[in-house]
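Per-entry structural report
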Amino acid sequence: MIFDVVTIFPEYFDSPLRVGLLGKALERGLITVRTYNLRDFALDKHRTVDDKPFGGGEGMLLKPEPLYRALSALRAESPEPWVIYLSPQGRLFRQEIARELAQKKRLVLLCGRYEGIDDRIREHFVDDEISVGDYVLFGGEAAALVLIEAVARLVPGVVGCQDSVARDSLAQGLLKHPQYTRPREFMGYRVPEILLSGDHARIERWRREKSLEVTFERRPDLLSRAPLSQEDREFLRVLKRERLRIYLALVHYPVINKEGRRIASSFTNLDLHDISRVCRTYGLKGYYLVQPLSDQRSIVEDLLSFWLSGPGARHNPDRAEALRLVRVRSSLEEVRQEVEEREGERPLTLATDARPLREALPYEEAARIIRRGRPVLLLFGTAWGLAPEILEEADHFLPPIRGALDDYNHLSVRSAASIILDRLLREVT
(Lines give C-alpha, C1' and ligand atoms only; values in the text may rest on other atoms or scores of the structure.)
Protein backbone atom coordinates (compact mmCIF):
# COMPACT_ATOMS: atom_id res chain seq x y z
CA MET A 1 0.00 0.00 0.00
CA ILE A 2 1.40 3.38 -1.06
CA PHE A 3 0.35 6.70 0.47
CA ASP A 4 1.44 9.88 -1.35
CA VAL A 5 0.83 13.04 0.66
CA VAL A 6 0.73 16.49 -0.95
CA THR A 7 1.24 19.23 1.65
CA ILE A 8 2.94 22.55 2.25
CA PHE A 9 4.36 21.14 5.51
CA PRO A 10 6.02 17.79 4.69
CA GLU A 11 8.00 18.00 7.94
CA TYR A 12 4.70 17.59 9.81
CA PHE A 13 4.90 13.84 9.13
CA ASP A 14 8.50 13.21 10.19
CA SER A 15 7.87 12.15 13.80
CA PRO A 16 4.53 10.29 13.49
CA LEU A 17 5.90 8.09 10.70
CA ARG A 18 8.83 6.92 12.84
CA VAL A 19 7.00 5.53 15.88
CA GLY A 20 4.88 2.53 16.85
CA LEU A 21 3.46 -0.03 14.47
CA LEU A 22 3.33 2.55 11.70
CA GLY A 23 7.08 3.06 11.88
CA LYS A 24 7.68 -0.69 11.93
CA ALA A 25 5.39 -1.20 8.94
CA LEU A 26 7.39 1.38 6.99
CA GLU A 27 10.69 -0.26 7.96
CA ARG A 28 9.43 -3.66 6.82
CA GLY A 29 8.11 -2.28 3.54
CA LEU A 30 4.50 -3.27 4.25
CA ILE A 31 3.43 0.30 3.48
CA THR A 32 5.11 3.26 1.82
CA VAL A 33 4.45 6.90 2.73
CA ARG A 34 5.91 9.61 0.49
CA THR A 35 5.46 13.32 1.14
CA TYR A 36 5.54 16.00 -1.55
CA ASN A 37 5.98 19.70 -0.90
CA LEU A 38 3.35 21.57 -2.89
CA ARG A 39 5.74 24.52 -3.21
CA ASP A 40 7.95 22.38 -5.44
CA PHE A 41 5.19 22.55 -8.03
CA ALA A 42 4.77 26.35 -7.93
CA LEU A 43 5.34 28.38 -11.08
CA ASP A 44 7.26 31.39 -9.74
CA LYS A 45 10.60 31.91 -8.06
CA HIS A 46 8.87 32.70 -4.74
CA ARG A 47 7.18 29.27 -4.80
CA THR A 48 3.76 30.84 -4.30
CA VAL A 49 0.95 28.37 -3.67
CA ASP A 50 -1.84 30.59 -2.32
CA ASP A 51 -3.79 33.69 -3.30
CA LYS A 52 -6.84 35.75 -2.27
CA PRO A 53 -10.29 34.42 -3.24
CA PHE A 54 -12.21 36.10 -6.06
CA GLY A 55 -15.15 38.15 -4.78
CA GLY A 56 -13.34 39.08 -1.60
CA GLY A 57 -13.61 37.44 1.77
CA GLU A 58 -11.37 36.19 4.50
CA GLY A 59 -8.22 34.12 4.22
CA MET A 60 -6.32 32.63 1.32
CA LEU A 61 -6.87 29.70 -1.05
CA LEU A 62 -4.41 27.20 -2.47
CA LYS A 63 -3.95 28.06 -6.15
CA PRO A 64 -5.02 25.62 -8.88
CA GLU A 65 -1.78 25.56 -10.91
CA PRO A 66 0.56 24.01 -8.28
CA LEU A 67 -2.15 21.55 -7.25
CA TYR A 68 -2.76 20.50 -10.85
CA ARG A 69 0.97 20.08 -11.54
CA ALA A 70 1.41 17.97 -8.40
CA LEU A 71 -1.57 15.73 -9.12
CA SER A 72 -0.62 15.35 -12.78
CA ALA A 73 2.90 14.26 -11.85
CA LEU A 74 1.58 11.71 -9.36
CA ARG A 75 -1.07 10.37 -11.74
CA ALA A 76 1.64 9.73 -14.32
CA GLU A 77 3.23 7.15 -11.99
CA SER A 78 2.10 3.57 -11.56
CA PRO A 79 -0.01 2.15 -10.02
CA GLU A 80 -2.96 4.44 -10.80
CA PRO A 81 -3.70 6.45 -7.62
CA TRP A 82 -6.99 7.25 -5.93
CA VAL A 83 -6.87 10.99 -5.11
CA ILE A 84 -8.45 12.07 -1.82
CA TYR A 85 -8.92 15.65 -0.67
CA LEU A 86 -9.13 15.94 3.14
CA SER A 87 -11.93 18.40 3.76
CA PRO A 88 -14.64 19.18 6.36
CA GLN A 89 -17.13 18.98 3.46
CA GLY A 90 -16.25 15.40 2.53
CA ARG A 91 -18.02 12.17 3.41
CA LEU A 92 -17.55 11.32 7.06
CA PHE A 93 -14.70 8.86 7.56
CA ARG A 94 -15.83 5.54 9.05
CA GLN A 95 -14.36 2.09 9.46
CA GLU A 96 -16.14 0.78 6.38
CA ILE A 97 -14.50 3.55 4.33
CA ALA A 98 -11.12 2.53 5.76
CA ARG A 99 -11.82 -1.05 4.61
CA GLU A 100 -12.83 0.26 1.18
CA LEU A 101 -9.62 2.28 0.82
CA ALA A 102 -7.47 -0.61 2.06
CA GLN A 103 -8.41 -2.48 -1.11
CA LYS A 104 -6.67 0.12 -3.28
CA LYS A 105 -2.97 -0.08 -4.12
CA ARG A 106 -2.17 3.63 -3.93
CA LEU A 107 -3.74 6.68 -2.32
CA VAL A 108 -2.86 10.33 -2.93
CA LEU A 109 -3.82 12.49 0.06
CA LEU A 110 -4.24 16.17 -0.72
CA CYS A 111 -3.89 18.35 2.39
CA GLY A 112 -5.63 21.70 2.21
CA ARG A 113 -4.63 24.77 4.20
CA TYR A 114 -6.01 28.24 4.93
CA GLU A 115 -9.54 28.46 3.47
CA GLY A 116 -9.09 25.35 1.33
CA ILE A 117 -8.34 24.82 -2.34
CA ASP A 118 -9.55 26.30 -5.61
CA ASP A 119 -12.82 24.51 -6.28
CA ARG A 120 -11.90 23.69 -9.87
CA ILE A 121 -9.33 21.25 -8.55
CA ARG A 122 -11.82 19.68 -6.14
CA GLU A 123 -14.48 19.34 -8.82
CA HIS A 124 -12.41 18.03 -11.72
CA PHE A 125 -9.20 16.45 -10.43
CA VAL A 126 -10.11 14.76 -7.12
CA ASP A 127 -11.63 11.26 -6.88
CA ASP A 128 -12.85 11.42 -3.29
CA GLU A 129 -13.40 13.94 -0.51
CA ILE A 130 -13.20 12.77 3.09
CA SER A 131 -13.79 14.45 6.46
CA VAL A 132 -12.49 12.95 9.71
CA GLY A 133 -15.15 14.73 11.78
CA ASP A 134 -17.48 17.66 12.10
CA TYR A 135 -14.82 20.14 13.13
CA VAL A 136 -12.21 22.32 11.42
CA LEU A 137 -8.44 21.89 11.66
CA PHE A 138 -5.63 24.19 10.58
CA GLY A 139 -5.05 21.93 7.61
CA GLY A 140 -5.45 18.44 6.23
CA GLU A 141 -2.23 17.02 7.64
CA ALA A 142 -3.71 15.70 10.90
CA ALA A 143 -6.63 14.25 8.96
CA ALA A 144 -4.22 12.56 6.54
CA LEU A 145 -2.44 10.92 9.48
CA VAL A 146 -5.77 9.64 10.80
CA LEU A 147 -6.57 8.11 7.43
CA ILE A 148 -3.10 6.59 7.03
CA GLU A 149 -3.26 4.91 10.45
CA ALA A 150 -6.81 3.62 9.98
CA VAL A 151 -6.08 2.15 6.55
CA ALA A 152 -2.59 0.87 7.40
CA ARG A 153 -4.00 -1.19 10.29
CA LEU A 154 -5.96 -3.20 7.74
CA VAL A 155 -2.93 -4.04 5.59
CA PRO A 156 -1.97 -7.67 6.30
CA GLY A 157 1.06 -7.94 8.57
CA VAL A 158 0.99 -4.37 9.91
CA VAL A 159 -0.70 -5.48 13.13
CA GLY A 160 0.93 -8.68 14.35
CA CYS A 161 -2.25 -10.18 15.81
CA GLN A 162 -5.00 -10.12 13.19
CA ASP A 163 -7.55 -11.05 15.88
CA SER A 164 -6.83 -7.66 17.44
CA VAL A 165 -7.88 -5.95 14.21
CA ALA A 166 -10.94 -8.17 13.88
CA ARG A 167 -12.03 -7.28 17.42
CA ASP A 168 -11.43 -3.54 17.23
CA SER A 169 -14.26 -1.15 17.93
CA LEU A 170 -16.32 -0.79 14.74
CA ALA A 171 -14.56 -3.74 13.07
CA GLN A 172 -17.75 -5.80 13.40
CA GLY A 173 -20.04 -2.80 13.31
CA LEU A 174 -20.13 -2.40 17.11
CA LEU A 175 -18.13 -0.61 19.78
CA LYS A 176 -15.73 -2.74 21.77
CA HIS A 177 -16.58 -4.32 25.11
CA PRO A 178 -14.94 -3.09 28.39
CA GLN A 179 -11.48 -4.51 29.11
CA TYR A 180 -9.48 -4.99 32.33
CA THR A 181 -5.97 -6.03 33.36
CA ARG A 182 -4.06 -6.59 36.62
CA PRO A 183 -4.54 -5.93 39.47
CA ARG A 184 -7.86 -7.67 40.08
CA GLU A 185 -8.88 -4.94 42.51
CA PHE A 186 -8.00 -1.25 42.18
CA MET A 187 -9.14 1.33 44.75
CA GLY A 188 -12.02 -0.97 45.70
CA TYR A 189 -13.13 -1.54 42.11
CA ARG A 190 -13.01 -5.20 41.09
CA VAL A 191 -12.70 -6.86 37.73
CA PRO A 192 -16.00 -8.60 36.72
CA GLU A 193 -15.89 -12.13 38.14
CA ILE A 194 -16.88 -13.75 34.85
CA LEU A 195 -13.56 -12.68 33.31
CA LEU A 196 -11.74 -14.67 36.01
CA SER A 197 -13.92 -17.77 35.63
CA GLY A 198 -11.99 -19.49 32.84
CA ASP A 199 -15.27 -20.30 31.10
CA HIS A 200 -14.39 -19.04 27.63
CA ALA A 201 -17.85 -19.53 26.15
CA ARG A 202 -19.48 -17.46 28.88
CA ILE A 203 -16.72 -14.85 28.62
CA GLU A 204 -17.26 -14.50 24.88
CA ARG A 205 -21.01 -14.10 25.32
CA TRP A 206 -20.43 -11.53 28.12
CA ARG A 207 -18.12 -9.57 25.84
CA ARG A 208 -20.63 -9.67 23.01
CA GLU A 209 -23.46 -8.46 25.25
CA LYS A 210 -21.30 -5.70 26.71
CA SER A 211 -20.35 -4.64 23.19
CA LEU A 212 -24.05 -4.45 22.28
CA GLU A 213 -24.78 -2.54 25.49
CA VAL A 214 -22.02 0.01 24.96
CA THR A 215 -23.06 0.52 21.35
CA PHE A 216 -26.70 0.97 22.38
CA GLU A 217 -25.74 3.61 24.96
CA ARG A 218 -23.23 5.58 22.92
CA ARG A 219 -23.79 4.91 19.21
CA PRO A 220 -27.21 3.32 18.66
CA ASP A 221 -27.08 4.41 15.01
CA LEU A 222 -24.52 1.64 14.42
CA LEU A 223 -26.94 -1.12 15.39
CA SER A 224 -29.01 -0.74 12.24
CA ARG A 225 -25.94 -1.56 10.11
CA ALA A 226 -24.24 -4.14 12.32
CA PRO A 227 -24.52 -7.87 11.52
CA LEU A 228 -26.63 -9.13 14.44
CA SER A 229 -27.60 -12.69 15.31
CA GLN A 230 -31.02 -13.65 16.61
CA GLU A 231 -29.47 -13.97 20.07
CA ASP A 232 -28.09 -10.42 19.75
CA ARG A 233 -31.49 -9.08 18.77
CA GLU A 234 -33.20 -10.78 21.68
CA PHE A 235 -30.61 -9.35 24.08
CA LEU A 236 -31.24 -5.87 22.67
CA ARG A 237 -35.01 -6.29 23.04
CA VAL A 238 -34.58 -7.16 26.72
CA LEU A 239 -32.09 -4.31 27.19
CA LYS A 240 -34.46 -1.78 25.65
CA ARG A 241 -37.32 -2.92 27.85
CA GLU A 242 -35.10 -2.46 30.91
CA ARG A 243 -33.66 0.89 29.88
CA LEU A 244 -36.75 2.56 28.44
CA ARG A 245 -38.31 4.16 31.53
CA ILE A 246 -40.10 7.08 29.97
CA TYR A 247 -43.53 8.54 30.75
CA LEU A 248 -45.55 11.34 29.18
CA ALA A 249 -47.84 13.76 31.01
CA LEU A 250 -50.32 15.92 29.11
CA VAL A 251 -51.02 18.83 31.46
CA HIS A 252 -54.45 20.52 31.46
CA TYR A 253 -53.67 22.57 34.58
CA PRO A 254 -51.84 24.79 35.18
CA VAL A 255 -51.60 26.03 31.59
CA ILE A 256 -52.03 29.48 30.05
CA ASN A 257 -54.46 30.88 27.51
CA LYS A 258 -53.75 33.24 24.62
CA GLU A 259 -53.71 36.22 26.98
CA GLY A 260 -51.23 34.54 29.31
CA ARG A 261 -53.75 33.87 32.10
CA ARG A 262 -53.57 30.64 34.08
CA ILE A 263 -56.43 28.27 33.22
CA ALA A 264 -57.57 24.64 33.27
CA SER A 265 -58.15 23.41 29.72
CA SER A 266 -60.68 20.84 28.54
CA PHE A 267 -59.84 17.30 27.54
CA THR A 268 -60.01 16.38 23.82
CA ASN A 269 -60.75 12.95 22.43
CA LEU A 270 -58.05 13.29 19.77
CA ASP A 271 -55.37 13.89 22.40
CA LEU A 272 -56.48 10.79 24.27
CA HIS A 273 -56.37 8.47 21.27
CA ASP A 274 -53.54 9.84 19.15
CA ILE A 275 -50.99 10.40 21.90
CA SER A 276 -51.71 7.02 23.51
CA ARG A 277 -51.01 5.35 20.16
CA VAL A 278 -47.73 7.23 19.81
CA CYS A 279 -46.76 6.26 23.37
CA ARG A 280 -47.50 2.60 22.67
CA THR A 281 -45.56 2.69 19.38
CA TYR A 282 -42.43 4.09 21.06
CA GLY A 283 -42.62 1.89 24.15
CA LEU A 284 -43.50 4.43 26.85
CA LYS A 285 -44.51 3.02 30.24
CA GLY A 286 -47.34 5.44 30.89
CA TYR A 287 -49.41 8.31 29.49
CA TYR A 288 -50.87 10.62 32.14
CA LEU A 289 -53.65 13.16 31.71
CA VAL A 290 -53.28 15.83 34.40
CA GLN A 291 -56.80 17.17 34.91
CA PRO A 292 -58.02 18.63 38.22
CA LEU A 293 -61.65 19.11 37.07
CA SER A 294 -63.74 16.16 38.26
CA ASP A 295 -66.30 16.37 35.44
CA GLN A 296 -63.50 16.24 32.86
CA ARG A 297 -61.93 13.25 34.60
CA SER A 298 -65.29 11.47 34.57
CA ILE A 299 -65.61 11.90 30.80
CA VAL A 300 -62.16 10.41 30.27
CA GLU A 301 -62.88 7.48 32.59
CA ASP A 302 -66.12 6.72 30.74
CA LEU A 303 -64.31 6.73 27.40
CA LEU A 304 -61.56 4.49 28.74
CA SER A 305 -64.15 2.07 30.07
CA PHE A 306 -65.77 1.88 26.63
CA TRP A 307 -62.46 1.11 24.91
CA LEU A 308 -60.88 -1.11 27.57
CA SER A 309 -63.78 -3.28 28.72
CA GLY A 310 -66.75 -2.32 26.56
CA PRO A 311 -67.62 -2.66 22.87
CA GLY A 312 -64.52 -0.70 21.81
CA ALA A 313 -62.21 -3.37 23.21
CA ARG A 314 -63.83 -6.04 21.06
CA HIS A 315 -64.08 -3.81 17.99
CA ASN A 316 -60.50 -2.47 18.04
CA PRO A 317 -58.12 -4.37 20.35
CA ASP A 318 -55.08 -2.48 19.02
CA ARG A 319 -56.61 0.80 20.19
CA ALA A 320 -57.41 -0.76 23.53
CA GLU A 321 -53.78 -1.84 23.93
CA ALA A 322 -52.62 1.75 23.47
CA LEU A 323 -55.26 3.19 25.81
CA ARG A 324 -54.18 0.86 28.63
CA LEU A 325 -51.23 3.22 29.08
CA VAL A 326 -53.56 6.09 30.05
CA ARG A 327 -53.87 7.25 33.66
CA VAL A 328 -55.92 10.24 34.78
CA ARG A 329 -54.51 12.19 37.73
CA SER A 330 -55.53 15.47 39.34
CA SER A 331 -52.05 17.04 39.69
CA LEU A 332 -48.58 16.84 38.25
CA GLU A 333 -47.09 16.17 41.67
CA GLU A 334 -49.33 13.12 41.97
CA VAL A 335 -47.89 11.89 38.66
CA ARG A 336 -44.31 12.46 39.82
CA GLN A 337 -44.92 10.55 43.04
CA GLU A 338 -46.52 7.63 41.21
CA VAL A 339 -43.65 7.36 38.72
CA GLU A 340 -41.14 7.56 41.56
CA GLU A 341 -42.89 4.72 43.38
CA ARG A 342 -42.89 2.58 40.23
CA GLU A 343 -39.26 3.26 39.31
CA GLY A 344 -37.65 3.58 42.72
CA GLU A 345 -36.26 7.05 41.99
CA ARG A 346 -37.64 10.46 41.13
CA PRO A 347 -37.95 10.95 37.37
CA LEU A 348 -36.06 13.57 35.43
CA THR A 349 -38.66 16.02 34.10
CA LEU A 350 -38.26 17.38 30.57
CA ALA A 351 -40.63 20.22 29.73
CA THR A 352 -41.67 21.21 26.21
CA ASP A 353 -42.95 24.52 24.86
CA ALA A 354 -43.17 26.25 21.50
CA ARG A 355 -41.36 29.29 22.92
CA PRO A 356 -37.57 29.37 23.54
CA LEU A 357 -37.87 30.40 27.18
CA ARG A 358 -34.57 29.13 28.56
CA GLU A 359 -31.47 27.22 27.60
CA ALA A 360 -32.51 23.89 26.14
CA LEU A 361 -31.14 20.38 26.57
CA PRO A 362 -30.23 19.06 23.09
CA TYR A 363 -32.30 16.12 21.92
CA GLU A 364 -29.16 14.04 21.46
CA GLU A 365 -28.21 14.49 25.12
CA ALA A 366 -31.77 13.79 26.28
CA ALA A 367 -31.78 10.59 24.21
CA ARG A 368 -28.48 9.55 25.78
CA ILE A 369 -29.97 10.00 29.27
CA ILE A 370 -32.91 7.80 28.27
CA ARG A 371 -30.66 5.07 26.87
CA ARG A 372 -28.73 4.95 30.14
CA GLY A 373 -31.94 3.96 31.93
CA ARG A 374 -32.80 7.11 33.87
CA PRO A 375 -36.60 7.44 34.41
CA VAL A 376 -37.89 10.43 32.46
CA LEU A 377 -41.19 12.28 32.58
CA LEU A 378 -42.00 14.34 29.48
CA LEU A 379 -44.30 17.30 30.09
CA PHE A 380 -46.59 18.61 27.34
CA GLY A 381 -48.98 21.51 27.80
CA THR A 382 -52.42 22.09 26.35
CA ALA A 383 -54.08 25.44 25.45
CA TRP A 384 -51.18 27.91 24.89
CA GLY A 385 -48.60 25.97 26.86
CA LEU A 386 -47.44 25.04 30.32
CA ALA A 387 -47.69 27.65 33.07
CA PRO A 388 -44.40 29.38 33.97
CA GLU A 389 -44.06 27.62 37.32
CA ILE A 390 -44.17 24.20 35.62
CA LEU A 391 -41.43 25.23 33.21
CA GLU A 392 -39.32 26.62 36.03
CA GLU A 393 -39.65 23.46 38.11
CA ALA A 394 -38.66 21.15 35.24
CA ASP A 395 -35.14 19.73 35.30
CA HIS A 396 -34.59 20.52 31.63
CA PHE A 397 -36.29 22.19 28.71
CA LEU A 398 -36.33 20.56 25.26
CA PRO A 399 -35.73 22.73 22.18
CA PRO A 400 -38.85 24.05 20.44
CA ILE A 401 -39.73 22.44 17.13
CA ARG A 402 -38.80 24.58 14.15
CA GLY A 403 -40.05 24.33 10.61
CA ALA A 404 -37.87 24.14 7.53
CA LEU A 405 -38.49 27.67 6.21
CA ASP A 406 -39.26 30.02 9.10
CA ASP A 407 -40.16 30.22 12.81
CA TYR A 408 -43.79 29.15 12.42
CA ASN A 409 -44.30 26.32 14.94
CA HIS A 410 -47.97 26.36 15.93
CA LEU A 411 -48.35 22.61 16.01
CA SER A 412 -51.02 20.62 17.79
CA VAL A 413 -49.80 18.92 20.93
CA ARG A 414 -50.41 15.58 19.18
CA SER A 415 -48.03 16.51 16.37
CA ALA A 416 -45.45 17.91 18.78
CA ALA A 417 -45.55 14.75 20.91
CA SER A 418 -45.05 12.55 17.84
CA ILE A 419 -42.10 14.57 16.54
CA ILE A 420 -40.37 14.86 19.91
CA LEU A 421 -40.76 11.17 20.75
CA ASP A 422 -39.35 10.25 17.37
CA ARG A 423 -36.34 12.53 17.91
CA LEU A 424 -35.70 11.01 21.31
CA LEU A 425 -36.41 7.36 20.59
CA ARG A 426 -36.13 6.56 16.88
CA GLU A 427 -32.77 4.82 17.37
CA VAL A 428 -33.95 3.06 20.53
CA THR A 429 -37.09 1.51 19.14
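Now for a look at the structure at hand. Just so it is clear, the model here is predicted, and its values are computed rather than measured. (Residues numbered from 1 in each chain as written. Predicted model: local features only at pLDDT ≥ 70, side-chain atom pairs only at ≥ 80, totals over all residues. Heavy atoms only, no water.)

Another aspect to go through is the overall build of the chain. A count of helical and extended segments in the chain gives 16 helices and 17 strands. In terms of C-alpha radius of gyration, the chain reaches 29 Å, well past the compact-globule figure of 22 Å for 429 residues. Going through the 429 residues of the chain one by one, you find that 45% of them count as buried. Taking contacts inside the chain between residues at least 6 apart in sequence as the whole, the part at least 24 apart equals 76%. Carbon and sulfur atoms make up 50% of the accessible area of the chain, which amounts to about 23000 Å² in all. Mean positive and mean negative side-chain charge positions of the chain (65 and 65 charges, respectively) differ by 3 Å. (Helix = DSSP H or I, 4+ residues; strand = E, 2+ residues; numbered from the N terminus. Rg over C-alpha atoms; globule rule 2.2 N^0.38 Å. Buried < 20%, exposed > 50% of the residue type's maximum accessible area, 1.4 Å probe, protein only. Contact = heavy atoms within 4.5 Å. Areas by Shrake-Rupley, 256 points an atom, 1.4 Å probe, with all protein chains shown as cover. Lys, Arg positive; Asp, Glu negative; His and termini not counted. Charge placed at Lys NZ, Arg CZ, Asp CG, Glu CD.)

Tallied over the full model, the rule gives 46 salt bridges. Two residues, Glu-213 and Lys-210, come together in a salt bridge whose shortest N-O distance is 3.6 Å. Linking Glu-213 with Lys-210, this pair stays in helix α7 (residues 200–218), spanning three residues, or about one helical turn. Lys-210 gets classed as partly exposed once you look at its relative accessible area, which sits at 26%. A cluster of three or more residues bridged by salt bridges with shared partners is formed by Arg-205, Arg-208, Glu-209, Glu-231 and Asp-232. (Salt bridge = Lys/Arg side-chain N within 4 Å of Asp/Glu carboxyl O.)

Pairing is parallel in the open sheet, where five strands are placed in the order β2-β1-β6-β5-β7. The sheet is open, and its two edges are formed by β2 (32–37) and β7 (128–131), each paired on a single side. On average, each strand axis in the sheet is inclined to that of its neighbour by 30 degrees, with strand direction left out of account. Bridge count between strand β1 (residues 2–7) and strand β6 (residues 106–111): five bridges; the pairing is parallel. What sits directly across from Val-5, in β6, is Leu-109. Running over the sheet, helix α2 (residues 64–75) touches β1, β2, β5 (82–92) and β6 and is turned about 170 degrees from β6. Across the sheet, helix α3 (residues 95–102) touches β5, β6 and β7, and the angle it forms with β5 is around 170 degrees. (Pairing = 2+ DSSP bridges. Axes fitted to C-alpha atoms, helices over the stretch in contact; angles between N-to-C directions.)

Before going further, it helps to examine the packing of α7 against helix α8 (residues 230–243). In the contact formed by α7 and α8, the axes pass within 10 Å of each other and the chain directions differ by 50 degrees. Comparing the axis directions of α7 and α8 gives the class oblique. The handedness of the crossing between α7 and α8 comes out as right-handed. Contacts between α7 and α8 involve Arg-205, Arg-208, Glu-209, Leu-212, Glu-213, Phe-216 and Glu-217 from the former and Glu-231, Asp-232, Phe-235, Leu-236, Leu-239, Lys-240 and Arg-243 from the latter. (Parallel < 35°, antiparallel > 145°, perpendicular 65-115°, else oblique. Left-handed = near helix turned anticlockwise from the far one by under 90°.)

At their nearest, the axes of helix α14 (residues 363–371) and helix α16 (residues 413–425) sit 8 Å apart, and the two run at 65 degrees to each other. Accordingly, the angle class assigned to the pair α14 and α16 is roughly perpendicular. Counting all contacts with α14, which are made through Tyr-363, Ala-366, Ala-367 and Ile-370, the residues of α16 involved are Ile-420, Arg-423, Leu-424 and Leu-425. The class makeup of the residues in the contact of α14 with α16 is seven nonpolar, no polar and one charged. (Nonpolar A, V, L, I, M, F, W, Y, C, P; charged D, E, K, R; others polar.)

In terms of nonpolar packing, the biggest core is built from 49 residues, with Ile-246, Leu-248, Tyr-287, Phe-380, Leu-421, Leu-424 and Leu-425 touching the most fellow members. Among the elements that take part in this core, α16 stands out by supplying seven residues, more than any other. Among residues more than four places away in sequence, those in contact with Leu-248 are Ile-275, Cys-279, Leu-284, Gly-286, Tyr-287, Tyr-288, Leu-377, Leu-378, Phe-380, Ala-417 and Leu-421. Within the second largest apolar cluster, 31 residues are counted, among which are Cys-111, Ile-148, Ala-150 and Val-159. (Core = buried A, V, L, I, M, F, W, Y, C linked by side-chain atoms within 4.5 Å.)

So, about a nonpolar patch on the surface. Side chains of Phe-186, Met-187 and Tyr-189 sit close together on the surface and give an oily, nonpolar patch of about 430 Å² of accessible area. Within the secondary structure, Met-187 is located in the loop between β8 (185–186) and β9 (189–190). On the basis of relative accessible area, Met-187 is assigned to the exposed category, the value being 67%. (Patch = residues over 30% accessible without salt bridge, like charges linked within 9 Å, V, L, I, M, F, W, Y side chains within 5 Å.)

Further remarks concern the sheet that holds strand β15 (residues 348–351). The strand order across the open sheet built from six strands is β14-β13-β10-β16-β15-β17, with neighbouring strands paired in parallel fashion. Each having just a single partner strand, β14 (326–329) and β17 (396–397) make up the two edges of the open sheet. As paired elements, strand β13 (residues 286–290) and β14 share four bridges and run parallel to each other. Following the sheet pairing, Tyr-288 is matched in β14 by Arg-327. Sheet strands touched by helix α9 (residues 269–281): β10 (246–251), β13 and β14. Its angle to β13, the strand with the most contacts, is close to 155 degrees.

A word on the pairing of β7. Going residue by residue along β7, you find Asp-128 and Ile-130 tucked away on one face and Glu-129 and Ser-131 tucked away on the opposite face as well. In terms of strand pairing, β5 meets β7 through five bridges, oriented parallel. Residue pairing across strands places Leu-92 opposite Ser-131, the latter belonging to β7.

Limitation: the analysis is restricted to geometry and does not speak to function.
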